[in-house]
Amino acid sequence: MTATLPSWPYSRYIAHRGGGRLAPENTLAAMRVGAENGFTMFEYDVKLSSDNVPVLMHDDDVDRTSNGTGPAAAKTFAELAQLDFGSWHSPAYAGEPLPTFAAVARYTLANGIASNVEIKPCPGREAETGRAVALAARQWWQGADTAPLLSSFAEEALQAALEAAPELPRALLVEKVPADWRERLAKYQCVALNINQKDATRELIDAVHAAGYRIAAWTVNDPERARLLLDWGIDGIFTDELAAIRPAA
């Protein structure tokens, strides 16, 4: 007998890091590009500056996505705010600043966009980042129609998020699907399992649903693969290819 599935008020099409490949990742500019392409749900990464400001950034170091160097964990928000997070992508985005989680919360809420907030802690800051992101999300989305989905590869961060704001939905992110995925989802009281799309099969999707959980896959950039996963009943696909794989396509 199939278990009752948890509420899933989210689009099946999720813009990866806001704007996929069309704009510098994890920026407000990326969010606007995602919205222009018809997306109503974004995935983005949140970590803490050295002075505990939640900001959007994927990597542990700033080197790849800014004109700065060194670990993000060593920089205050004021120092991060001086960096250019757009020029690496293209001249059109030169000078794009690093956004705070607060700014992105305001933008998404004002524009009816749902969020998958990936908790992306700097090394050694898993618990404090999970707690800080969950508490911030609770504050900013209070009374909102659609709560943000909090996800993380860092299980310590998920545990901290569960303890800080148990009412917010959570998803376990995995590089490879572990044999004990059911136990891990239960441990962190998750609603979903977010997997590498390479591991997605009809059988796994059915098994996750039968266990009473939702399932989403990253990062799906081939339109045929996207159609197949959606036909199999997957609940969400994260994509960089916003022009080719989108709700209106």
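Residue indices begin from 1 for each chain and proceed along its sequence in written order. Two thresholds apply to this predicted model, a pLDDT of at least 70 for residue-level local features and 80 or more for giving and counting side-chain atom pairs, whereas whole-chain, interface and lining totals are computed over all residues. To obtain the side-chain values, all non-hydrogen atoms of the structure were used and water was disregarded.

J.: Looking at this structure, how should I read the overall build of the chain?
T.: We count a stretch as a helix when DSSP gives it H or I for four or more residues in a row; a strand needs E for two or more, and each element gets its number in order from the N terminus. When you go through the chain residue by residue, the secondary structure sums to 8 helices and 9 strands. Our radius of gyration looks at C-alpha atoms and nothing else; its globule reference is 2.2 Å times the residue count to the power 0.38. In terms of overall dimensions, the chain is globule-like: its C-alpha atoms have a radius of gyration of 17 Å, near the 18 Å expected for 249 residues. Taken along its principal axes, the extent of the C-alpha atoms in the chain is 55 × 40 × 35 Å. For the chain, with 249 residues in total, the buried portion stands at 57%. Any two residues having at least one pair of non-hydrogen atoms within 4.5 Å are treated as being in contact. Once local pairs closer than 6 in sequence are excluded, the contacts in the chain between residues at least 24 apart make up 59%. With an accessible surface of roughly 10,500 Å², the chain has 50% of that area assigned to carbon and sulfur atoms. Positive residues here are Lys and Arg, negative ones are Asp and Glu, while His and the chain termini are left out of the count. In plain terms, the charge of a residue is placed at NZ if it is Lys, CZ if Arg, CG if Asp and CD if Glu. With 23 positive and 32 negative side-chain charges, the chain shows a spacing of 3 Å between the two charge centroids. The buried label goes to any residue with under 20% of its type's maximum accessible area, the exposed label to any with over 50%, and the partly exposed label to all in between, with areas taken from a 1.4 Å probe on protein chains only. Here the Shrake-Rupley method, with its probe set to 1.4 Å, supplies the accessible areas, and only the displayed protein chains count as covering residues.

J.: Please clarify how the pattern of salt bridges should be interpreted in this entry.
T.: Any two side chains of opposite charge can pair if their charged atoms end up close together. The working definition used for a salt bridge is a side-chain nitrogen of Lys or Arg within 4 Å of a carboxyl oxygen of Asp or Glu. In the structure shown here, the tally under the stated rule is 12 salt bridges. Measuring nitrogen to oxygen at the nearest pair gives 2.9 Å for the salt bridge that ties Arg-138 to Glu-167. Here Arg-138, found in helix H4 (residues 126-140), pairs with Glu-167, found in the loop between helix H5 (155-164) and strand E6 (170-173); they are 29 residues apart in sequence, far enough to count as distant. Using a relative accessible area of 34% as the deciding quantity, one classes Arg-138 as partly exposed. Judged by its relative accessible area of 48%, Glu-167 is partly exposed. Arg-184 is the partner of Asp-180 in a salt bridge, and the nearest nitrogen-oxygen pair spans 2.8 Å. Take Arg-184: its relative accessible area is 27%, and that puts it in the partly exposed class. Look at the salt bridges and you will find they share partners, linking Arg-17, Glu-25, Asp-45, Asp-59 and Arg-64 into a network.

J.: So what exactly am I meant to see when it comes to the side chain of Glu-118 here?
T.: Within the fold, Glu-118 resides in strand E4 (residues 114-119). Those residues in contact with Glu-118 that sit more than four places away from it in its chain are Glu-43, Tyr-44, Asp-45, Val-46, Ser-151, Phe-153 and Leu-173.

J.: Is there a simple way to explain unusual backbone geometry in this structure?
T.: Of all residues except glycine, most have a negative phi; of all peptide bonds, most are trans. With a phi close to 55°, Arg-17 is a non-glycine residue in the positive phi region. Arg-17 gets classed as buried once you look at its relative accessible area, which sits at 15%. Even without a glycine there, the phi angle at Asn-52 is positive, about 70°. Its relative accessible area of 44% is what places Asn-52 among the partly exposed residues.

J.: Is there a simple way to think about the pairing of strand E2 (residues 41-48) in this case?
T.: The two faces of a sheet get side chains in turn, since along a regular strand they alternate between them. Counting buried residues in E2 gives 8 out of 8 residues, a clear majority hidden from the surface. In E2, alternate side chains face the same way, and those of Met-41, Glu-43, Asp-45 and Lys-47 on one face and Phe-42, Tyr-44, Val-46 and Leu-48 on the other are all buried. Here, strands pair whenever DSSP counts at least two bridges between them. Here strand E1 (residues 13-16) pairs with E2 via 2 bridges, running parallel. Bridge pairing links Ala-15 to Phe-42 in E2.

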